[in-house]
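Survey of secondary and tertiary structure
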Amino acid sequence: MTRRPKLADKVIEALRQRIEDGDLRPGDRLPTEPALVESFGVSRTVVREAIAALSADGRVEARQGSGVFVLAPAEDRLTILVPEAHDRLTTVLNVLELRTAIEVEAAALAARRRSGAQEAAIREAFAAFEAAMRGGGGTAPADFAFHLSIAMATNNPLFPQSLETLGHRTIPRDFLAAIAGDAIHGPAYLARIHAEHAAILAAIAEGDGDGAALAMRAHLSRSRDRYQLLLQAHLARSDGAVAAPSPGRGADGRPTTG
């Protein structure tokens, strides 16, 4: 049975179409949140989820105190900056270290400060990830929206601003797909992510700041461990390729003579 599109999906597609049609050009500011709420007839939570997804895709960028602006179309910027698999994996590990420093405290503050509406936004983002996972679609935008909703629940604007600055680099699964495949996209991997998100959400809902911090640290630490294993496997494959020339050929790849 075909899944009925969510309200956020409709807003995402409409805004993406405006960008592709040139109605919204690079450097243009999106309409304000209240204007988007009125225009689409949806809630503020839906608009925020849509903006978070577009930000994760690198289509828009939120600038503190100025609004949300359209970015110039481009290939994955991180892939361009770090084209080698080794460098990409190393960058992922560096980003995860930074995220740990930011998001562990963000989870603790969210548990202690979140409003009812902010908790509802976290729950909605959690449900969106679950729906994307079960529907077989891309989960990165929903994953980013979940973490961003927690940052917003700190009620300190610098936390969501930090994640929005990282943008699509926050959830790097897509540009590593060619390296790892199902290791970071398969059902088993996504199920583990979902369970870790559930633990974070439960602690925040209970107002348990220490528990939320521990759950977030465990989630990001496990992610770092998974990517570290990928890096080690990639290096092992690279070393093996260099150390083992084809039978009947020299180390320079040229045929040997008898």
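Everything below is about the structure shown above.
Remember, it's a predicted structure, so these values are computed and weren't measured experimentally.

Some words on the overall build of the chain
In terms of regular secondary structure, the chain is built from 11 helices and 2 strands. The order of α-helices and β-strands along the chain, N terminus first, is α-α-α-β-β-α-α-α-α-α-α-α-α. When burial is assessed residue by residue, the chain has 43% of its 258 residues classed as buried. Considering only intrachain contacts with a sequence separation of at least 6, the fraction spanning at least 24 residues in the chain is 71%. Here the chain displays about 13,200 Å² of accessible surface, and carbon together with sulfur accounts for 53% of that area.

Overview of the pairing of strand β2 (residues 67-70)
Bridge count between strand β1 (residues 60-63) and β2: 4 bridges; the pairing is antiparallel. Counterpart to Arg63 in the pairing with β2 is Gly67.

Some thoughts on the packing of helix α3 (residues 44-56) against helix α7 (residues 140-152)
Contact geometry of α3 with α7 gives a least axis separation of 9 Å together with a crossing angle of 120°. On the basis of their axis angle, the class for α3 and α7 is oblique. In this structure, α3 crosses over α7, and the sense of that crossing is right-handed. Counting all contacts with α3, which are made through Arg48, Ala52, Ala53, Ser55 and Ala56, the residues of α7 involved are Pro141, Phe144, Ala145, Leu148 and Met152. Grouping the constituent residues of the contact of α3 with α7 by class yields 8 nonpolar, 1 polar and 1 charged.

Description of the packing of aromatic side chains
Applying the stated criterion across every chain yields a total of 1 aromatic pair. Here Phe126 and Phe146 contribute two aromatic rings whose centre-to-centre distance is 6.3 Å and whose plane-to-plane angle is 55°, an arrangement assigned as tilted. In this pair, Phe126 is assigned in helix α6 (residues 116-135) and Phe146 in helix α7, connecting sequence segments 20 residues apart. The pair formed by Phe126 and Phe146 is uniform in burial state, with each residue classed as buried.

Considerations on helix α10 (residues 187-205)
For the α-helix, the turn length of 3.6 residues means that residues three or four positions removed from each other point alike. The first and last C-alpha atoms of α10 sit 26 Å apart over 19 residues, in line with the 27 Å expected at 1.5 Å per residue. What α10 keeps buried is the set Tyr189, Leu190, Ile193, His194, Glu196, His197, Ile200, Leu201, Ala203 and Ile204. Gly207 sits one or two residues past α10 and shows a positive phi near 70°.

Re the pattern of salt bridges
All chains considered together, the criterion is met by 10 salt bridges. Linking Glu13 and Arg16 is a salt bridge whose minimum nitrogen-to-oxygen distance equals 3.6 Å. Of this pair, Glu13 and Arg16 both sit in helix α1 (residues 7-21), separated by 3 residues, roughly a single helical turn. Judged by relative accessible area, which is 42%, Glu13 ranks as partly exposed. Notably, a salt bridge pairs Arg134 with Glu130, separated by 3.2 Å at the nearest N-O pair. Remark: Glu130 and Arg134 occur in helix α6; sequence separation between them is 4 residues, near one turn of the helix. By relative accessible area, Arg134 is classed as exposed at 66%. Through salt bridges with shared partners, a single network forms among Glu33, Arg44 and Arg48.

Observations concerning the environment of Phe146
Under the relative-accessibility criterion, Phe146 is labelled buried at 0%. C-alpha separation for the pair Phe146 and Leu201, spaced 55 residues apart in sequence, amounts to 9.5 Å. Look past the residues within four positions of Phe146 in its chain and what remains in contact with it is Ile122, Ala125, Phe126, His197 and Ile200.

What to know about the nonpolar core
Ranked by size, the top nonpolar core spans 46 residues in total, and within it Ile150, Ile204 and Tyr227 carry the most contacts. Among the secondary structure elements, those contributing two or more residues to this core are α3, α5 (85-113), α6, α7, α8 (158-166), α10 and α11 (209-243). The leading source of residues in this core is α5, at 12 residues. With residues up to four places along the chain from it excluded, the contact list for Ile150 reads Ala106, Ala107, Ala110, Ile122, Ile200, Ile204 and Met216.

Topic: unusual backbone geometry
Despite not being glycine, Asn155 has its phi angle at roughly 60°, a positive value. Relative to the assigned elements, Asn155 resides in the loop between α7 and α8.

Rules of the game
- Residues numbered from 1 in each chain as written.
- Predicted model: local features only at pLDDT ≥ 70, side-chain atom pairs only at ≥ 80, totals over all residues.
- Heavy atoms only, no water.
- Helix = DSSP H or I, 4+ residues; strand = E, 2+ residues; numbered from the N terminus.
- Buried < 20%, exposed > 50% of the residue type's maximum accessible area, 1.4 Å probe, protein only.
- Contact = heavy atoms within 4.5 Å.
- Areas by Shrake-Rupley, 256 points an atom, 1.4 Å probe, with all protein chains shown as cover.
- Pairing = 2+ DSSP bridges.
- Axes fitted to C-alpha atoms, helices over the stretch in contact; angles between N-to-C directions.
- Parallel < 35°, antiparallel > 145°, perpendicular 65-115°, else oblique.
- Left-handed = near helix turned anticlockwise from the far one by under 90°.
- Nonpolar A, V, L, I, M, F, W, Y, C, P; charged D, E, K, R; others polar.
- Phe/Tyr/Trp six-rings, centres within 6.5 Å; stacked < 30°, edge-to-face > 60°.
- Expected span 1.5 Å × (residues − 1).
- Salt bridge = Lys/Arg side-chain N within 4 Å of Asp/Glu carboxyl O.
- Core = buried A, V, L, I, M, F, W, Y, C linked by side-chain atoms within 4.5 Å.

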